Structures are given as structure tokens and as C-alpha cells.
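Below are the chains, spelled out letter by letter.
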Amino acid sequence: MARTFEELVDEADSVSVDGWDFSWLDGRATEARPSWGYQRLMSARLATVSAALDVQTGGGEVLAGADRFPPVMAATESWPPNLARATALLHPRGVVVVADRDEPPLPFADAAFDLVTSRQPATVWWSEIARVLRPGGTYFAQHVGPETVFELIEFFLGPLSDELRRKRHPDVETAAARAAGLEIVDVRMERLRMEFFDIGAVVYFLRKVVWTVPGFTVERYRDRLRALHDKIEAEGAFLAHSSRTLIEARKPERA
């Protein structure tokens, strides 16, 4: 028998959303992955440097997938539940996880790292990345691209502005990187299909990815959730799209 709206919502509203593991959504939602394989590429780069920093590491799950770390490996994270998870996961492998508020300055000295990495950071402070990189050092990251999950956001918030649609565009991000003194080595973007098969998956996603619909709670958006539940029941899934940008930037050897 199909589960009711209330059952699906209550379950998704009560489960833990700590960390950056989305396995709870298995069978309930899908998202295509970029073709380049960020974790594999990151791992290859970590193996070639002597000191690296992973910014906004979340629960450390992505960084932990690296085959081996350089002699000096640090990571930052701001959310206390993720800090605890990342420390438990990464400390046994010699990674120092540092509490950071995700705003300047990064808690490290100038030219401290050969490599700075980040997977889907909420914010990118280009001047700080440039500052902590040594000359010749590299920033290698996968960013959330423009108009990610806008179909879902607009279902709850209504039409979004052209300004918001331009936010996180690769042209904007590469211009900001260059303004901070970095050279762009590579930039790629892909638009990817997402599907939500029940309203519980939507609730879980919005609770976990908190910047999607700021201030989201089930009670605040119960009417829209019920409308979306009815839509999913009628159509079989809610279709949205994400975008991801792979970006590699280099700090010049000499200013």
C-alpha cells in the first residue's frame, strides 16, 4: 500500500541530516554525476604535493576517498555535527580538521599549501585561496553551478531573478579568480538530471542542503509540500536539474 503524505513527510523530517552522505535517498531520488570524476582527479593531485587543504570538507566523506594524503593535510568545516564526523573519519589518517566559520580569513599562514581543494563549497573566498597558496600552487574544486535545482526552488519560492540565475556561472567565477591573481587552467560545466520520486526525498534534500530554500521547515511549507506530493503522485517523479563546474586555477610563480 502506498505511504501517505503524512507518513513520508514525518519520516523525512525526523532522520539525521548530518554529514554529506546522501545514501538515505537511494531508491527515492537520483542525480546524474559529472563525467569527469572529481574524487578520482582530486586523489591524483593530492598524491603529488607536500601540503594540502580541503575547504568546507563537510563530513569528510569526499576527502576520505583519496588513496593517500600528503605529509601535511588539513581540512576546514563550520558546522559542528560535520566537524565531529570529519574528525572521526579523517583524524585516524593524519588529517587535521579545523573549525572555521567559512568567511575570511582562513586560519592559515600565507603560502601554506601547494594545493587547495573543495567539493561544492557554499562560498568561495578567492582572495583567501590565493593567499594561502604558495606561488605555483593550485586550486582544484568542483563547484555547484548556476540554476541548480531551480525547478524545485521556484516551486516553493516563485520565479527567481536574472541576477540569481547568473550566480555561480563559470564566467563570473573565473573573473573573480583572476581578480584575486589566479590563472585559470581548466573550467568545465555540465548540466545534470535530477528526479525526486516521493515527497520524503524532497523534505530530506531541503533539510540537508539548507541553502536551497532558506529557512525551510515542514510546517512553514506544508501546503506547497502537499501540492508537490500530489504532483509526484500524478506524474511519477519531480524533474529538476543541477549543474556542476570543475575549476582548476593556479597561483603564478611570481606576481
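Quick note: structure is the one above.
Everything quoted here is computed from the prediction, not taken from an experiment.

## Brief notes about the packing of helix α8 (residues 199-208) against helix α9 (residues 222-235)
- Between α8 and α9, whose axes approach to 9 Å, the crossing angle comes to 135 degrees. Classified by the angle their axes make, α8 and α9 are oblique. Across the interface between the two elements, I199, V202 and V203 from α8 touch L225, L228, H229 and I232 from α9.
- A class-by-class count of the residues in the contact of α8 with α9 yields six nonpolar, one polar and no charged.

## Points about the packing of aromatic side chains
- Within this structure, the stated rule accounts for ten aromatic pairs.
- Pairing F155 with F156 gives two aromatic rings, centres 5.8 Å apart and planes at 70 degrees, and the pair type is edge-to-face.
- Relative to F205, the ring of F196 lies with its centre 5.4 Å away and its plane at 70 degrees, an arrangement referred to as edge-to-face. The burial state of F196 is the same as that of F205; both residues are buried.
- An aromatic cluster is built from F155, F156, F216, Y221 and F238, whose rings are joined through pairwise contacts.
- Sitting over the ring of F140, R45 keeps its end group 4.0 Å from the ring centre.

## Section: the layout of surface pockets
- The volume enclosed by the largest pocket comes to roughly 1100 Å³.
- As for the largest pocket, its lining consists of 43 residues, of which Q120, V144, T148, V209 and R244 are closest to the centre.
- Among the elements of the structure, β1 (29-31), α2 (38-46), β6 (133-144), α5 (150-157) and β7 (183-196) are those that each provide at least two residues to the lining of the largest pocket.
- A volume near 460 Å³ is recorded for the second largest pocket.
- Taken together, 24 residues make up the lining of the second largest pocket; nearest its centre are W20, G58, E77, N82 and W211.

The rules behind each value
- Residues numbered from 1 in each chain as written.
- Predicted model: local features only at pLDDT ≥ 70, side-chain atom pairs only at ≥ 80, totals over all residues.
- Heavy atoms only, no water.
- Axes fitted to C-alpha atoms, helices over the stretch in contact; angles between N-to-C directions.
- Helix = DSSP H or I, 4+ residues; strand = E, 2+ residues; numbered from the N terminus.
- Parallel < 35°, antiparallel > 145°, perpendicular 65-115°, else oblique.
- Contact = heavy atoms within 4.5 Å.
- Nonpolar A, V, L, I, M, F, W, Y, C, P; charged D, E, K, R; others polar.
- Phe/Tyr/Trp six-rings, centres within 6.5 Å; stacked < 30°, edge-to-face > 60°.
- Buried < 20%, exposed > 50% of the residue type's maximum accessible area, 1.4 Å probe, protein only.
- Lys NZ or Arg CZ within 6 Å of the ring centre and 35° of its normal.
- 1 Å grid on protein atoms, 1.4 Å probe; cavity = no way out; pocket = protein on both sides within 12 Å on 5 of 7 lines; lining within 4 Å.
- Points joined across faces, edges and corners; volume = space filled by probe spheres on them.

Scope: geometric values only; no functional claims are made or implied.
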